[in-house]
Amino acid sequence: TCLGNITWGMLPLHASGICACTYHIFYNPSALQFLVTMQAGLTCLGNITCAIAAYRIAVSNGWTFAEVNPFPQGNTSPQGLIIDATAAAPLATVEPAESTVVLAGKIAAATIVCSYLVKYGELG
């Protein structure tokens, strides 16, 4: 059955947890460092297999990709509309005040500053 697939899909996740527990039970020795890499690989594999199993369960219950679209099917594009009670009016859009390069620079700078504060802020 499809529900049995989710069990097999979760098996790599269980093995990942066993790797983590084994590594920490022995107080993180360098001889067992390979367990950290194995845990990462098994977690990735487990996430993929669980996603596949969940997809197979959904398809077996009649789910289709057409159900992903939350907008009703029609000739009108829902993009740019504001719903106000029962009427829809065009959305007033505003051009961005800065370019995406400037925005990306600000985000990168904020990330670096926050990382520095988190790492060295508690040492004082």
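Residues numbered from 1 in each chain as written. Predicted model: local features only at pLDDT ≥ 70, side-chain atom pairs only at ≥ 80, totals over all residues. Heavy atoms only, no water.

**Quick notes on the overall build of the protein**
Note the threshold: Comment: elements are numbered from the N terminus, with helices defined as DSSP H or I runs of at least four residues and strands as E runs of at least two. Residue burial is assigned from relative accessible area. The probe radius is 1.4 Å, only protein chains are included, and a residue is buried under 20% of its type maximum, exposed over 50%, and partly exposed in between. Accessible areas in this description were obtained via Shrake-Rupley with a 1.4 Å probe; residue shielding takes into account the shown protein chains only.
Looking only at helices and strands, one finds three helices and two strands in the protein. Looking at the 124 residues of the protein, the share that counts as buried comes to 10%. About 10100 Å² of surface is accessible on the protein, with carbon and sulfur atoms providing 69% of the total.

**Considering the environment of Leu13**
Heads up, the condition is: By the convention used here, residues are in contact when the closest approach between their heavy atoms is within 4.5 Å.
Structurally, Leu13 can be placed in helix α1 (residues 2–25). For Leu13, a relative accessible area of 29% translates into the label partly exposed. Expressed as a C-alpha distance, the spacing of Leu13 and Gly46, which sit 33 residues apart in the sequence, is 4.9 Å. Residues contacting Leu13, with those up to four places away along its chain left out, are Leu42, Thr43, Gly46, Asn47 and Cys50.

**Some details on the packing of aromatic side chains**
The line we're drawing: Ring geometry is summarised as follows: Phe, Tyr and Trp rings, the Trp one being its six-membered ring, pair when their centres sit within 6.5 Å, and such pairs are stacked at plane angles under 30 degrees, edge-to-face over 60 and tilted between the two.
Inspection of every chain in the model, using the stated rule, returns four aromatic pairs. Within the aromatic cluster, the residues linked to one another by ring pairs are Tyr55, Trp63 and Phe65.

**Examining the side chain of Ser16**
Counting through the fold element by element, Ser16 comes out in helix α1. Given the relative accessible area of 5%, Ser16 is considered buried. Each residue touching Ser16, except ones within four places of it in the same chain, is listed here: Gln39, Leu42 and Thr43.

**Some remarks on the confidence of the model for the protein**
As a reminder of what qualifies: Values of pLDDT, which run from 0 to 100, indicate the predictor's confidence residue by residue.
When the pLDDT values of the protein are averaged, the result is 83; 79% of them are 70 or greater. Least confident of the elements in the protein is strand β1 (residues 81–84), whose mean pLDDT is 55; most confident is helix α2 (residues 34–60), at 93.

**Observations regarding the nonpolar core**
Basically, it comes down to this: Among buried residues, those of type Ala, Val, Leu, Ile, Met, Phe, Trp, Tyr and Cys that are joined through side-chain atoms within 4.5 Å constitute a nonpolar core.
In terms of nonpolar packing, the biggest core is built from five residues, these being Cys19, Tyr23, Leu32, Leu35 and Leu42. For this core, the secondary-structure elements that each account for two or more residues are α1 and α2. Residues in contact with Cys19, not counting those within four places in the same chain, are Leu35, Met38, Gln39 and Leu42.

**Quick look at the pattern of salt bridges**
Applied cut-off: Criterion for a salt bridge: a side-chain nitrogen of Lys or Arg within 4 Å of a carboxyl oxygen of Asp or Glu.
A full pass over the atoms with the stated rule returns one salt bridge. Residue Lys106 pairs with Glu98 through a salt bridge whose shortest N-O separation is 2.7 Å.

**Here we look at a nonpolar patch on the surface**
Going by this rule: To count toward a patch, a residue needs a relative accessible area above 30% and no salt bridge. Like charges then connect within 9 Å, nonpolar side chains (Val, Leu, Ile, Met, Phe, Trp, Tyr) within 5 Å.
A cluster of nonpolar residues, Tyr55, Val59, Phe65 and Val68, forms a patch on the protein surface that exposes about 400 Å² of accessible area. When you line up the elements, Phe65 lands in the loop between α2 and β1.

**Some points on α2**
Structural remark: α-helix, 3.6 residues per turn; residues separated by three or four positions point the same way. Our working definition: The length a helix should cover is 1.5 Å for every residue beyond the first.
The end-to-end C-alpha separation of α2 is 39 Å, in line with the 39 Å expected for 27 residues at 1.5 Å each. Burial in α2 covers these residues: Leu35, Leu42, Gly46, Cys50, Ala53 and Ile57. Directly after α2, the chain includes Gly62, whose backbone phi takes a positive value near 95°.

**Structural notes on unusual backbone geometry**
The phi torsion at Tyr27 lies on the positive side, around 60°, for a residue other than glycine. In this fold, Tyr27 is placed in the loop between α1 and α2. With a phi angle near 55°, Asn28 is a residue other than glycine that sits in the positive phi range. Among the secondary structure elements, Asn28 is positioned in the loop between α1 and α2.

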